[in-house]
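A closer look at the structure
Chain by chain, the residues:
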Amino acid sequence: MGIVKKLTAKSWSAENSASDDQHLSAISPHSSKIGLRLFLAIVTSLFFLVVAAYKMRMDLADWVPMPEPDLLWYNTVILIASSLAMEWARRAARRGQAQTVKLGMMIGGLLAITFLVGQLVAWQEMANLGFYASSNPANSFFYMITGIHGLHILGGVIAWTRSMARIGRGDDEDKIKLGVDLCATYWHFLLLVWLVMFALMIST
Amino acid sequence: MDYVAPAEVEDLELHDPDTFITKYVWSQDHKVIAVQYSIIAIAVGLVALVLSGLMRLQLGFPGMFEFINPATYLQFVTMHGMIMVIYLLTALFLGGFGNYLIPLMCGARDMVFPYMNMLSVWVYLLSVIILMASFFVPGGPTGAGWTLYPPQAILQGTPGSDWGIILMLVSLVVFIVAFTMGGLNYVTTVLQARTRGMTLMRMPLSVWGIFIATILGLLAFPALFVSGIMMLLDRVIGTSFFMPVIISLGQQLDYGGGSPILFQHLFWFFGHPEVYIVALPAFGIVSDLLSVHARRHIFGYRMMVWAIVIIGGLSFVVWAHHMYVSGMNPWFGFFFATTTLIIAVPTALKVYNWTLTLWKANINFTLPMLFAIGFIVTFVNGGITGLFLGNVVVDVPLSDTMFVVAHFHMVMGVAPLLVIFGAIYHWYPLVTGRMLHEGMGKFHFWVTFLGTYAIYFPMHYLGFVGVPRRYYDYEGIEFIPQSARDLNSAITIAALIVGVVQLLFIYNMIWSYFKGKKSGPNPWKAASLEWQTPQTPPVHGNWGPNLPLVYRWAYDYAVPGAKDDFCPQNQPRSADAGSSAMVAGSAPSAEDN
Amino acid sequence: MAVVIVLVLLVVGSVIFTFVSPYWFTPIASNWGTIDDILILTFILTGIVFVLVVLFMAWAIHKYRYDKNRRSAYEPENNKLEWWLTILTSIAVIAMLAPGLVVWNDFITVPEDAHEVDVLGQQWHWAFRYPGEDGVLGTSGVQHITFANPLGVNPDDPNGQDDILIATSQVMHLPMDRPVKILLRSKDVLHDFYVPQFRAKMDMIPGQVSYFWLTPIREGTFEILCAELCGVGHYQMRGKVVVEDEASYQTWLTTQPTFAETMSSGGVDAGVSLFDRGRLLAEGQGCLSCHSLDGSAGVGPTWQNIFGRSETMADGSVIVVDEAYLRESIINPNAKVVEGFDPFMPPYDLTDEELEAIIAFMRGEGE
Ligand code: HEM
Ligand SMILES: [Cu+2]
Ligand SMILES: [Cu+2]
């Protein structure tokens, strides 16, 4: 049933009881997936607002573009690779190849951690060049955006350790599959966010 | 055979408690979490109530209370406002009522992520503790006003600009984390865990209100989160997101280039939906109170649902009506005045439908009904003054006067509180198995309803006179006549009486817990699902071995042809003509597979 | 039927209160009577709705109170009724909004012939600037603010040299019947220029110039209040605006110093006694927002008879106020805090000369 039809149903009438139990479609996705999607919507709202603030702040007189350490490009490549590894693991999980799953997850997670370290080094580089958070607004945003994004990655890494523990314990296959799936979705999403943020920062 | 969850819906892994600690402290049962949320919220709410009494003392009898000076006054204003809006109302409606009602009303065993739900309440407690800590740090809590506008909020010259503001911002960020964990649960539970037969349009309006309000919260709180982080950075490491070149108290500061207006946009992008985060659950709950106690279906159910959804959507495009005189681009005024007044239409329809529910009904003057009636009067009063403030040009003389204070107290202070009271009188028997004391309740109602009206109705007129808000003292202002000062004293007396009577309510809740009349199951003869649990109060897991099956909407009162005055949602239509007493356990007919 | 009676009384009482209570707008002194008109229109329309809704409800709960022999009517919805209500409400909303937007358009469209006045807000004090003979205000900015140039007029801008400054009196004048564009600036936090009799108000924002316009239509002296929370002294940030006929206005204007004059004589404070210099400083730095001169209570201890008085400190010790103590209390205020006050005052970084002036002022007040 389409959403419009659902929301216009005259639910008091007897005719309506025919469709009583159809609110659950036959293959309703797992609640965790719905929960994750919802969370991604919230994070989207968060970064959307950051972008809006960035744009408004940019229009003010004291804006100067920030330097772009090359390292950020390498970090971006690492994050892409991490996402690809996750995707590889997810596909393997669908095919039931436990070894590949383990390998893919391992690579994906470690690359994400590498990315985090890389971002910290980028902070260090910026600071060494004398660009502190308070030096100019573009820098302030740089530190804030990378910080918030990094914290989200960190949250992902924590979830990833739990999934890894599951894999290590050789837990129930469905649970592993679900965990891998959630991780991959989250990784792709954060990659996308990073690409948008990175594009925003280097283009201005 | 009663309904067992279909294979595609994973059954919840209920965490069965065995010790006192896991049962009442680290509990994952949504009902216990709801009570925990409510107790914490009411406790901080009392702090805010005391603060309001202190402010009123100063306003009504200026200079008589030595310990209230301009700085402490502003700290009281700020903490009062923030606690009431966020830590009391938001937490109580969503964390308290949302947690309790959603699974029961949807026919679920619990929230879908019980562990996260438990974390939510403890993180909320943490945010409250951080907030309260600001009373004890050097300089005291922040006095920046609940809107926390920079640059003022983080500069010398505002009380609490050293520690108070930092703790406030940190506490808000922590609160948002708590809210997000809870909110993911409420929304996902409504989407995923409704029992068979509980279609969207069969959900009680309480669930609709809480559901949409939670979505609003999840999307709007990020704005407060971002602006809070940015202000913290401005304050702590000296960035200039919101800070232009400033000479504060004779000294040039290290800031430059930022925009205070940017903060206001972010703040109100959160702040306006926040009004509806409080209002929509109240709308929903009051609809159910009216319906049950008037023994009639809610009038125009579909319109009520659509109105909630439309109001929720529109609430994201009206934020700058709080900024008409903020110095933003004045052309925005046209857009935001129009959107704001458009919201008035679905809101007015809700009011009409509430009164039309009472029309041709069979009204019991129970306590919840009295509070619901009180709500309608208060809300209509506060709603129409919103049209003054929304119509951009009329806002110009009124903004930042006592008119605004009167308006928002009516519409998002008193009105939702009346609903909360009504709801507590209504659901207390379900939570505890006992009724609240009726006599005390009546007294509580009359004093609260008439008292708050006496506080806030005349206050609008102080706004017409031009009395500004957030003023410690009006001494020496010539255009404010003595009569207005006398009115302020009268308002203070009313406020103190109202404040004290709330203690009676607290006493009633404690007294009735031990001594109240036993309610038995379903004392109000309500049709919605939460009253149809096998045990009252419901036990862990809510529903016994099988989940209930739902055959109808939540408002089948006085159905033509039915034997009883009400038909519970889990009563098959085929049973309407017969006795309903045995329905709960009877086998459904083939029609209902 | 207590509820019914109470509801009816509430409606009747509210209406009576509106008509007989003395609380209403101050008599208007600007052209914005149109705002009052829209407000009254809104009042009438919404008032009618309020009365009707509450009375209808009172009637309904009286008529349909519980009767065990009766059942409610079962009519889940009535599309026709709901449509009518929607349409009527929409019409009422449009009736308020449309004229409101017209007036708003007037409000934000400044007439070509409006003259300009510049208002600068600071914690917790007002200052004003008028264009001089050339009719043009010089550019200005917070970065130009010094003690001698409290309004931050750009010293290099030729247009600004003849600007007329009202730096300390907190009183501005406006001519009758001439539209004026009020430019609003702030040097520290948000403030809001609010004269109830003008009906108009607007925030003042550091780093930006906001404005509104009006035409004064009534002679008199009116109070300027700050309507945006700006810190502890918010409630004491008050000024005056004098509306007078054109001739008196011009006479007043010509007696005020221009920017060039104040600068060439070494700033607004040149040539005045140490005592007066101290007074200017105390006003300009916002001291007087917290310290009264008349003995009344404030955020900080009063300055009346301060010199030589003995004060009990928060730690219980007693100190006789002398020059050294005053100096310390200004430079490092929280080292010793008088009992009963919060450690609230910000440290001031003043030159020796300025300290001397302020102390002379504080001493003088005691005599
Ligand atoms: C007996 C109940 C209450 C009394 C007597 C009361 C009284 C007051 C007073 C005197 C002020 C300060 C006004 C000023 O100085 O301009 C105030 C501000 C405020 N109140 Fe209440 N209040 C009550 C309940 C509530 C409730 C339930 C809410 C929840 C929405 C609330 C929200 C606020 C807010 C948001 C402010 C503004 C704070 C600010 O200006 O920063 N109040 N209240
Ligand atoms: Cu709003
Ligand atoms: Cu102010």
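Here is what the cut-offs are and how they apply
Residues numbered from 1 in each chain as written. Chains lettered and ligands numbered in written order. Predicted model: local features only at pLDDT ≥ 70, side-chain atom pairs only at ≥ 80, totals over all residues. Heavy atoms only, no water. Helix = DSSP H or I, 4+ residues; strand = E, 2+ residues; numbered from the N terminus. Rg over C-alpha atoms; globule rule 2.2 N^0.38 Å. Buried < 20%, exposed > 50% of the residue type's maximum accessible area, 1.4 Å probe, protein only. Contact = heavy atoms within 4.5 Å. Buried area = accessible area lost by both parts, 1.4 Å probe. Salt bridge = Lys/Arg side-chain N within 4 Å of Asp/Glu carboxyl O. Polar contact = N/O pair within 3.5 Å; in protein donor to acceptor, adjacent residues only side chain to side chain. Nonpolar A, V, L, I, M, F, W, Y, C, P; charged D, E, K, R; others polar. Donors = N, O, S within 2.8 Å, 3.2 Å for Na, K, Ca; no water. Tetrahedral: all angles 85-135°; square planar, octahedral: opposite > 155°, others 65-115°. Axes fitted to C-alpha atoms, helices over the stretch in contact; angles between N-to-C directions. Parallel < 35°, antiparallel > 145°, perpendicular 65-115°, else oblique. Left-handed = near helix turned anticlockwise from the far one by under 90°. Near = heavy atom within 4 Å. Domains from an automatic or database assignment. Pairing = 2+ DSSP bridges. pLDDT = per-residue confidence, 0-100. Patch = residues over 30% accessible without salt bridge, like charges linked within 9 Å, V, L, I, M, F, W, Y side chains within 5 Å. Areas by Shrake-Rupley, 256 points an atom, 1.4 Å probe, with all protein chains shown as cover. Phe/Tyr/Trp six-rings, centres within 6.5 Å; stacked < 30°, edge-to-face > 60°. Lys NZ or Arg CZ within 6 Å of the ring centre and 35° of its normal.

Here the focus is the overall build of chain C. Helices and strands together make up the secondary structure of chain C, namely nine helices and 12 strands. Taking 21 Å as the expected radius of gyration for a compact globule of 367 residues, we find that chain C reaches 28 Å, considerably beyond that expectation. On the principal axes, the C-alpha backbone points of chain C span a range of 90 × 60 × 35 Å. The buried share of chain C, reckoned over its 367 residues, is 53%. Put simply, 67% of the contacts in chain C that link residues at least 6 apart link residues at least 24 apart.

On to the interface of chain C and chain B, then. Listed per partner, the contact involves 104 residues of chain C and 121 residues of chain B. Approximately 9800 Å² of surface area, both sides summed, lies buried where chain C meets chain B, with 68% of it carried by carbon and sulfur atoms. Three residues stand out in chain C for area buried against chain B, namely C:Y23, C:Y74 and C:W104, and they jointly supply 8% of the buried area on that side. Counting across the interface, chain C meets chain B through one salt bridge. Here C:E77 ties to B:R302 by a salt bridge, and the two come within 2.6 Å at their closest N and O atoms. The interface formed by chain C and chain B contains 37 residue pairs in polar contact (both at pLDDT 80 or more). Elements with a minimum of two residues in the side of chain C that touches chain B: helix 1 (2-20), helix 2 (33-63), helix 3 (79-108), strand 6 (191-194), strand 7 (201-204), strand 8 (210-214), strand 9 (220-226) and strand 10 (238-244) of chain C. Taken together, the residues that form the side of chain C that touches chain B break down as 62 nonpolar, 23 polar and 19 charged.

With that settled, consider the interface of chain A and chain B. Listed as interface residues are 45 residues of chain A and, on the opposing side, 55 residues of chain B. Both sides of the chain A and chain B interface together cover about 4100 Å² of buried area, and 67% of this is carbon and sulfur. Counting the contacts that link chain A with chain B gives zero salt bridges. The interface formed by chain A and chain B contains nine residue pairs in polar contact (both at pLDDT 80 or more). Taken together, the elements giving at least two residues each to the side of chain A that touches chain B come down to helix 1 (3-8), helix 2 (31-58) and helix 5 (137-169) of chain A. Taken together, the residues that form the side of chain A that touches chain B break down as 22 nonpolar, 16 polar and seven charged.

Another point: the coordination of the copper ion (ligand 3). Residue and element names in this part refer to chain C. Surrounding the copper ion (ligand 3) are the protein donor atoms C226 (SG), E228 (O), C230 (SG) and H234 (ND1), at 2.1 to 2.6 Å. With four donor atoms in place around the copper ion (ligand 3) and angles of 88 to 128° between them, the coordination shape is tetrahedral. Binding-site remark: the copper ion (ligand 3) is held by donors from one chain whose sequence spacing is C-x1-E-x1-C-x3-H.

Another point: the packing of helix 2 (residues 30-60) of chain B against helix 3 (residues 70-106) of chain B. All names here are of chain B. Contact geometry of helix 2 with helix 3 gives a least axis separation of 8 Å together with a crossing angle of 155°. With respect to helix 3, the axis of helix 2 lies roughly antiparallel. Where helix 2 crosses over helix 3, the two elements pack in a sense that is left-handed. Residue classes in the contact of helix 2 with helix 3 are distributed as 26 nonpolar, nine polar and one charged.

As a further point, take the site of ligand 1. All names here are of chain B. In the region of ligand 1, 24 residues are neighbours, and Y73, H80, W146, H409 and R470 sit closest. A distance of 2.8 Å separates a nitrogen atom of ligand 1 from a polar side-chain atom of H80. Within the contact set of ligand 1, an oxygen atom lies 2.7 Å away from a backbone nitrogen or oxygen of W146. For the shell around ligand 1, the secondary structure elements donating two or more residues are helix 2, helix 3 and helix 12 (402-432). Of the residues that constitute the shell around ligand 1, the class distribution is 15 nonpolar, six polar and three charged.

Moving on, we get to the coordination of the iron atom of ligand 1. Residue and element names in this part refer to chain B. Taken together, the protein donors to the iron atom of ligand 1 comprise H80 (NE2) and H409 (NE2), at separations of 1.9 to 2.0 Å. Around the iron atom of ligand 1 sit six donor atoms; with metal-centred angles ranging over 86 to 179°, the donor geometry is octahedral. One end of the pair, H80, is in helix 3; the other, H409, is in helix 12, and 329 residues separate them in sequence. Considered together, H80 and H409 belong to a single accessibility category, that of buried residues.

All names here are of chain C. The domain architecture assigned to chain C consists of domain 1 (2-63 + 81-108), domain 2 (115-264) and domain 3 (274-363). Across the contact, nine residues belong to domain 2 and 13 residues belong to domain 3. Both faces considered, domain 2 and domain 3 share a buried interface measuring about 890 Å² in area, 59% of it formed by carbon and sulfur atoms. On the domain 2 side of the contact with domain 3, F147, T168 and V232 bury the most area, a combined 53% of that side's loss. For the interface between domain 2 and domain 3, the tally reads zero salt bridges. Counting across the domain 2 and domain 3 interface gives zero residue pairs in polar contact (both at pLDDT 80 or more). Classifying every residue of the side of domain 2 that touches domain 3 by side-chain character gives three nonpolar, six polar and no charged.

This next bit is on the sheet that holds strand 10 of chain C. All names here are of chain C. Across the sheet, which stays open at both edges, the five strands sit in the order 4-10-9-6-7 with mixed pairing between neighbours. Strands with a single pairing partner mark the edges of an open sheet, and in this sheet they are strand 4 (171-175) and strand 7. The average undirected angle you get between the axes of adjacent strands in this sheet is 25°. By the bridge criterion, six bridges tie strand 9 to strand 10 in an arrangement that is antiparallel. By the bridge assignment for strand 10, E223 is matched with K240. Contacting strand 4 and strand 10, helix 4 (residues 246-254) runs over the sheet at an angle of about 140° to strand 4.

Once that is clear, we can look at the side chain of C:Q170. Along the polypeptide, C:Q170 turns up in the loop between strand 3 (164-166) and strand 4. Reaching out from C:Q170, the side chain makes a polar contact with the backbone nitrogen of C:W126 at a distance of 3.0 Å.

Turning next to the packing of helix 7 (residues 260-293) of chain B against helix 10 (residues 367-390) of chain B. All names here are of chain B. Viewed as axis vectors pointing N to C, helix 7 and helix 10 meet at an angle of 130°, and their least axial separation amounts to 9 Å. One finds that helix 7 runs oblique with respect to helix 10. Judged by the twist between their axes, the crossing of helix 7 over helix 10 is left-handed. Mapping the contact onto sequence places F283, V286, L289, L290 and H293 in helix 7 and P368, M369, A372, F375, I376 and F379 in helix 10.

Residues and elements named next belong to chain C. Of all the six residues making up strand 2 (residues 125-130), six are buried; the element is thus mostly covered by neighbouring parts of the structure. Along strand 2, one buried face is formed by H125, A127 and R129 and the opposite face, lined by W126, F128 and Y130, is buried too. Two elements, strand 2 and strand 3, share three bridges in a ladder whose sense is antiparallel. Across the sheet, residue Y130 finds its bridge partner in strand 3, namely I164.

A word on the confidence of the model for chain B. All names here are of chain B. When pLDDT is averaged across chain B, the result is 89; 94% of the residues are at 70 or more. Across chain B, helix 12 holds the top mean pLDDT of 95, while helix 1 (residues 20-25) sits lowest at 74. Predicted confidence is poor over residues 1-10, with pLDDT under 50, and the contacts of this stretch with residues over four places away or in other chains come to 25 contacts. Below a pLDDT of 50 lies the segment residues 580-593, which in the model reaches 18 contacts outside its immediate sequence neighbourhood of four places, other chains included.

We now examine a nonpolar patch on the surface. All names here are of chain A. Taken together, the side chains of W88, L103, M106, I107, L110, I113, V117 and V121 present a nonpolar region at the surface, about 650 Å² in accessible area. Considering the arrangement of structural elements, one finds L103 in helix 4 (residues 98-128). Taking the relative accessible area as the measure of exposure, L103 reaches 44% and is therefore partly exposed.

Take the packing of aromatic side chains next. Within this structure, the stated rule accounts for 82 aromatic pairs over all chains. Relative to A:W187, the ring of A:Y186 lies with its centre 6.5 Å away and its plane at 65°, an arrangement referred to as edge-to-face. Centroid distance B:F464 to C:F43: 5.8 Å. Interplanar angle 40°. Geometry classified as tilted. Highlighted residues: B:F464 in helix 13 (residues 438-465) and C:F43 in helix 2, drawn from two different chains. The ring of B:W359 carries B:K360 above its face, with NZ or CZ at 4.4 Å from the centroid.

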